[in-house]
Amino acid sequence: MKPFALAVCLVLSTGLSNPTQARDLTEAEGKIITQAFNIALKANELYYAGRYAEAEALYHETYALNASIPENELSMASDLHNIAATQAQQGRLVEAEETARRALQMRLDHGGIDNVIIHSKALLATILGDLNRFEEARLLQQEAVELTLNSPEASKEDLITNVTNLAYFTEQDGYVQNGIAILNQVVPMLAELPKHDTVRVLNALGRLSSLNGDPQSAETYYRQALLQQGDMTPSPNWSTRDMATVIGNLAAILRGQGRFAEARGLFLQADSMLVGAGITTSEVRANILDGLGEALRAEGDLNGAFKAQRKSLDIRLAIFPEDHLKTGVSFSNLGLTLLQSGQVAEATQALEKAVAIQRQSDDPARFARAALNLSAARGAANDFAGAIELAAEAQTALATVLPPNHPELIKATFNRAWLHLGAGDAATGAKLSDAAMQGFLSNRWQMDIEVTTGAEELRDTRRQVLSSVVATWETDRDAGMNRAFGAAQWAQASKAAHVAQRVAARFAAGDDALAALARQKQELVNLWRATDAQYIALLTHTQQGDPRLAAFREQLEQLSEQIAQTDRALAAQFPDFARLTQPRTVSVSEIQSSLAQGEAFFMPVSTPDETYLFAMTATTATWARSALTDRELDEAIRRLRADLDPSGPSRAAQALDEAFAGDAAPAFDTETAHTLYQALIAPISDSLDGVETVYVVKEGALSGLPLAVLLDRPVTLETDADFQSAPWLIRRFGFATVPSAAAFLAQRATQPTRPPKVALAGFADPAFQGAPDAETPQIATLFTRSANAADEVRALARLPGTRRELLGLADALDTPLDHLALGADATEAAVKSSTRLRDAEIVVFATHGLVAGDLSGLSEPALAFSAPDQPDETDNGLLTASEAARLDLVADWVILSACNTAASDGTPGGEGLSGLASAFLFAGAQSLLVSHWPVRDDAAARLTLATLSAPPEAEGAAKAQHLRRAMLDMIDRGEITHHAHPSVWAPFVVVGAR
C-alpha cells in the first residue's frame, strides 16, 4: 500500500459575501440570506462527518436560494465551491472540475477577495491532482502560493497550507527533490507555527522522504507529527480525518518494513479514531481499512484481511460509482485475499470487476496486476485457456511501459509459466520459466529475494521460482537436477530473507567499515525502489516521449550498477556477512564434494501440488517427486506435534516436571509417522544406503519436526515396550539441520577463529513473572523497543526448571557458579557484555525462544531475558536474531533448551529458530542443540549431558551422531517414565554442518 495522500485542505466556504456592498437588501432577501446561511452550516457539519451526498443536496438548496437574489454571484460561487468539494469526495471528479472552474471564474469575474480566490485555486488543484493531471495541479497551486505571498489578506496559515500542497503536487508530477526543497523553505518557521500547521508540514516531509527512498526519515517525521497532534483537538484546520491520515501514513511505512504487528495496531487506532468521531463512510477510512487488510494478509490472517477489505469496499460503493477506479482497487484487494484463502469462485467474481474497471484506466501496471490475479483465479478453476490469454494480455500491457527484466515483467512471466504447466503444456511452461529465471537471477535483489517481508510476499516469490523446479521435472528430469536444485534453493531463500534483512539493518547501524558498506547497500536499494515507484507512477499521467521518463530510466540503471558494485565490495571484504545477507545457490557437485563417506545431504521442497526431494552423497545424486502437498504436510505434522508436545499448543516454553507424564502410555500417531516416511524418505531411500548422518535443509512445517520420529514400517504402539522396540528412523540415521545448502558449504569451509578458554557460559531462569503453567501471552508488541515491550517480556511464564538444568550441567562440567547468569542476572545486557560467553566452549540459553514468521506478525525471532526497569535500545529483555549475529563466539555448542517451534494455535514451523540458528552460526558457533517443544527437566539434563559427553571412540564423529547416541540411550536404557516415547527422547535437534 502506498502512503496515504497528504491531507490536502479543501476549504469550505461558510460565510456569505455581503450583497449590500452593491445595494440594500429587502426584508425578504434578508430572510433568504439567513435561511441559506443556516442550511450551509448544517451542510458543513454533514461534510465533515463524511456524509457527502447529503451535504451536496443542502449546498444545492443554498445555491438555489442565493440565485434567487439579484447581484449575489459571490454567494453563489461559495455554494458552487462547496458543491465541487462534495462531488470530488464522492469520486465525481470530472463533474467536480467543471463546478470548481465555474466557482473560480465567478469569483474572478465579480471581484472576489484574494482569500476566496486562493481557496478556489487550491480546490481545483486538488481535483486535478485526483484526476492524475499533476502538471496542471502543480501550476494552479503555484498560482495560489504566489497570490498568498502577495496578498495582505492572506495569513501565514494560508501560506503553510498552500506551500505544503504545492510540494505534494510537485513530487506527484515527478519532481520529488523540488518538492522537498519547497518544504524545506518552511521548515525554519516550524517553531512559530500553530500545531496543526507544524503537523501538516511534518506529515508532508514524511511522505516526501518515503518517496525519496528514505523510510527511516519518513518514520521520524511521522512520529514527530503524531507527538505534536497528541494533545490537539480536532478542528476544521486539522480534522479527525487529518489526524487519522498521519497515523495511517506511519502504519504504511512500518508495513513496508515488515513490521506488521506495529502497523496493524496503528491502522486499528486510526480506524477507531474515525469511527469514534462518526466518520464511518469516507475515503480516508477506506484507505485505513485497505492498509489494515494488507497488514493482516501479510501476517497470514486472511479472515481478518477479508473483513477489513470488505468494509473498505462497502464504503467506496457508498461513496463512488461502482466503476470508479478506487472501487476497482477494493475489488482487486478483496479478490486477492479470497484467492489466497481458496475461495476461487468469489475471488474470480471480485477480480473480474476489478479488471473491468482497471481496463478503462490509463494505468497499465494497475490493470496488469489485477489481470494477473484474475488469471490465477481462472487457473485455479481449471479455466487455463482464459487464464493464459488474460495473463499474456497483462504482460503485453506491462511491456509497453516497463524496461526489459523489470521485476513486474519477471513476475508476469513466472505466472504465465505456471498457467501453461497447469494446462499440461510443459514445453511452453519450461520455456517461460527459463526466461523468467534468467531475469530473476540477474535482478534478484530487485525481486525482493533479499528483502521479502511478509507471508504474502513469501508465498508469491517462492511460488514463482518453484515453477522452474516443476518445469524441469516435466521436461528434463534426468539431466536437469542441478538446475532444479538451484531454483529450489532460491525458493527457500525467500523464507530466509526475514532474518537476513534484520541482520543487514543491525550491522548498518554500526560505525565500522562493514556498517558503512551495509548502510550504503541499504540506502541504494531504498532509493532504487523509490525511484522505480516514481517512474511507474509517472507513467500514469504522461506520454512515452516525456524526457522525465528517460531520466528515471537512466537513474535506475545507475543505481542498479552502484548496488552491484556494493555487493561485490561486500563479498570481497566481508565474505561471511555477504553469505548471510546475500542469498546464493550452490551446485549438486559442490555439495557432493563436501560430503564424507557415510554422509548425505537431503532437501525436501513442498509445493501446493506435490513435494520434491533432493538427496546427495559423495558419489550419488537423485531427486524424486512425492504426491504430498504442502497443505497435507502441514496437517500431518500438526497431528504428530499434538502427540509430541506435552504442554499442548503454547507460544513458547513452559515449566515442566515429572507430572506431565501420566500413568497411561502416551498416544502416538504411528500411521502419520509412517505415512510421512513413505512420502519423504522412501522415494530416495536407495541413495541413503550406507549413510549414517543426514544433513537436512528444512522449511515450513517440516522445520518443526525431527525426522528421527518417523517410522520406516507400520507398527502398533500400545505399551512402553512397543515404543522401545519401534523402528524409529533415529535407529538408522543421525540428523542435523542446516539453514541452507549454501550455509552448509560455508560452514564446512570455515574454522573457529580462536580456541575456547572456558568450558561453560550459561543463562537460565530469567525473572519472568507469569505463572509457570501459563500460556505465553500474545507478544506482537515485543519488537517496538519500548517500555511496554519490557512489560510483555516480564509477563512470560517462569521457567524454574531451567535453573536446575543449567546447575546440573555446570556441576558435571566443574563450572563455577559465577560463570552462570541466573534469575534477575540473566539479562540481554549480560549476554552482550559477557567475556565468558565470548570464550566459552559450551553456551546455554535456557529461556523462551520466541518464534518469528507466522506468529502475530513477529518480524524477527528472539530469546527472552530478564527485562530491565529502564529499557533502552541495547536492552529491553529481547536478544533478537540480528543482535545475536553481532556476538563474537567460538562455542563448539550453543544450546537453546526451552524453545517451542509451534505457534499458539498449534501450527508447526521452525523458521524462527532457523533464523536464530543462522545468526548464532554467523556469530561463530560451530553447532547448536535446539529444542522443538518444552522438555522435562530430567530428560533435558540427561539428553544434553549425554550429547556433550562424547566417549573416546566417538571423537571426531558428527555432532548428529552425538545426539543420536544420547537419544538411543534414552530409548533403550532410560530410567524416566515413558522414556521411549518420542516426546521424551526426541525434542532436540542439532543445527550445523559439523
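Residues numbered from 1 in each chain as written. Predicted model: local features only at pLDDT ≥ 70, side-chain atom pairs only at ≥ 80, totals over all residues. Heavy atoms only, no water.

S.K.: Please explain the overall build of the protein chain as it appears in this structure.
M.R.: In terms of helices and strands, the protein chain carries 39 helices and 13 strands. When burial is assessed residue by residue, the protein chain has 61% of its 994 residues classed as buried. As displayed, the protein chain has an accessible area near 37000 Å², and 50% of this comes from carbon and sulfur atoms. (Helix = DSSP H or I, 4+ residues; strand = E, 2+ residues; numbered from the N terminus. Buried < 20%, exposed > 50% of the residue type's maximum accessible area, 1.4 Å probe, protein only. Areas by Shrake-Rupley, 256 points an atom, 1.4 Å probe, with all protein chains shown as cover.)

S.K.: Help me understand helix α28 (residues 670-680) in this model?
M.R.: Residue pairs spaced three or four apart in an α-helix point in one direction, given the helix's 3.6 residues per turn. Counting buried residues in α28 gives eight out of 11 residues, a clear majority hidden from the surface. Restricting attention to buried positions, one finds in α28 the residues Thr670, Thr672, Ala673, His674, Leu676, Tyr677, Ala679 and Leu680.

S.K.: Even after reading the chapter, I still don't get the nonpolar core, so can you show me in this structure?
M.R.: Phe601 and Phe614 are the most contacted members of the largest nonpolar core, which has 115 residues in total. With sequence-adjacent residues up to four places away left out, Phe614 is seen in contact with Val469, Met481, Ala484, Phe485, Ala488, Phe601, Phe602, Met603, Val605, Thr622 and Trp623. (Core = buried A, V, L, I, M, F, W, Y, C linked by side-chain atoms within 4.5 Å. Contact = heavy atoms within 4.5 Å.)

S.K.: Would you take a moment to explain unusual backbone geometry for this structure?
M.R.: A negative phi angle is the norm for most residues apart from glycine, just as the trans form is the norm for most peptide bonds. Of note, Glu71 is a non-glycine position whose phi angle comes to about 55°, a positive value. Its location among the elements puts Glu71 in the loop between α2 (52-67) and α3 (73-89). Even without being glycine, Asn405 reaches a positive phi, approximately 65°. With respect to the helices and strands, the residue Asn405 is situated in the loop between α18 (384-399) and α19 (407-422). Asn405 sits in the partly exposed class, given a relative accessible area of 39%.

S.K.: How should the packing of helix α12 (residues 260-276) against helix α13 (residues 283-299) be read in this particular structure?
M.R.: The axes of two packed helices give the description: the angle between them and the distance between them. Across the interface, α12 lies against α13 with an axial gap of 9 Å and an inter-helix angle of 155°. In terms of orientation, α12 lies roughly antiparallel with respect to α13. The element α12 and its partner α13 pack so that their crossing is left-handed. Contacts between α12 and α13 involve Phe260, Ala261, Arg264, Phe267, Leu268, Ala270, Asp271, Leu274 and Val275 on the former and, on the latter, Val284, Arg285, Ile288, Leu289, Gly291, Leu292, Ala295, Leu296, Ala298 and Glu299. Within the contact of α12 with α13, the residues separate by chemical class into 14 nonpolar, one polar and four charged. (Axes fitted to C-alpha atoms, helices over the stretch in contact; angles between N-to-C directions. Parallel < 35°, antiparallel > 145°, perpendicular 65-115°, else oblique. Left-handed = near helix turned anticlockwise from the far one by under 90°. Nonpolar A, V, L, I, M, F, W, Y, C, P; charged D, E, K, R; others polar.)

S.K.: Just checking my understanding: could you explain the packing of aromatic side chains for this structure?
M.R.: Aromatic rings considered in pairs are described by the distance between their centres and by the relative angle of their planes. This model, assessed by the stated rule, comprises 21 aromatic pairs. Where Phe440 meets Trp490, the ring centres are 5.9 Å apart and the plane angle is 75°; that geometry is what we call edge-to-face. Pair noted here: Phe440 is in helix α20 (residues 426-442) and Trp490 is in helix α22 (residues 481-508), with a separation of 50 residues, a long-range link. Assessed through its relative accessible area of 0%, Phe440 is described here as buried. (Phe/Tyr/Trp six-rings, centres within 6.5 Å; stacked < 30°, edge-to-face > 60°.)

S.K.: Looking at this structure, I do not really get the side chain of Asn162. What am I missing?
M.R.: Of note, Asn162 is situated in helix α7 (residues 156-172). Judged by relative accessible area, Asn162 falls into the buried class, the value being 3%. Dropping the residues within four chain positions of it, Asn162 is found in contact with Ile118, Ala122, Gln141, Ala144, Val145 and Thr148.

S.K.: Where do I start with the pairing of strand β2 (residues 611-616) in this structure?
M.R.: Each regular strand carries side chains that alternate between the two faces of the sheet. The buried count for β2 comes to six of six residues, which makes it a mostly enclosed element. Where strand β1 (residues 599-606) lies against β2, six bridges are found, and the strand directions are antiparallel. Paired with Phe602 across the bridge in β2 is Ala615. Between the antiparallel neighbours β1 and β2 lie four residues. One ladder, built from six bridges, connects β2 with strand β3 (residues 621-626); its direction is antiparallel. Across the sheet, Phe614 pairs through a bridge with Trp623, a residue of β3. (Pairing = 2+ DSSP bridges.)

S.K.: Where do I start with the environment of Leu339 in this structure?
M.R.: Here Leu339 lies in helix α15 (residues 325-340). Residue classification places Leu339 among the buried residues on the basis of a relative accessible area of 17%. With 37 residues separating them along the chain, Leu339 and Leu302 place their C-alpha atoms 9.9 Å apart. Beyond its immediate chain neighbours, meaning those up to four positions away, Leu339 contacts Ala347, Asn373, Ala376 and Ala377.

S.K.: How do you make sense of helix α8 (residues 176-184) when you look at a structure like this?
M.R.: Every buried residue belonging to α8 is among Val176, Gly179, Ile180, Ile182 and Leu183, and all of these are buried. Down the axis of α8, the buried side of the element spans an arc of 160°, and every buried residue falls inside it. Where α8 is buried, its residues meet α7, α9 (195-211) and α23 (513-539). (Arc of directions from axis to C-beta.)

S.K.: Looking at this model, I keep getting lost on the packing of helix α10 (residues 215-229) against helix α11 (residues 240-256). Mind explaining?
M.R.: The contact between α10 and α11 brings their axes to 9 Å, and the two run at 150°. What the angle tells us is that α10 and α11 run roughly antiparallel. The handedness of the crossing between α10 and α11 comes out as left-handed. The segment α10 lies against α11, with Pro215, Ala218, Glu219, Tyr222, Arg223, Ala225, Leu226 and Gln229 engaging Met243, Val246, Ile247, Asn249, Leu250, Ile253 and Leu254. Its residues assigned to classes, the contact of α10 with α11 comprises 11 nonpolar, two polar and two charged.

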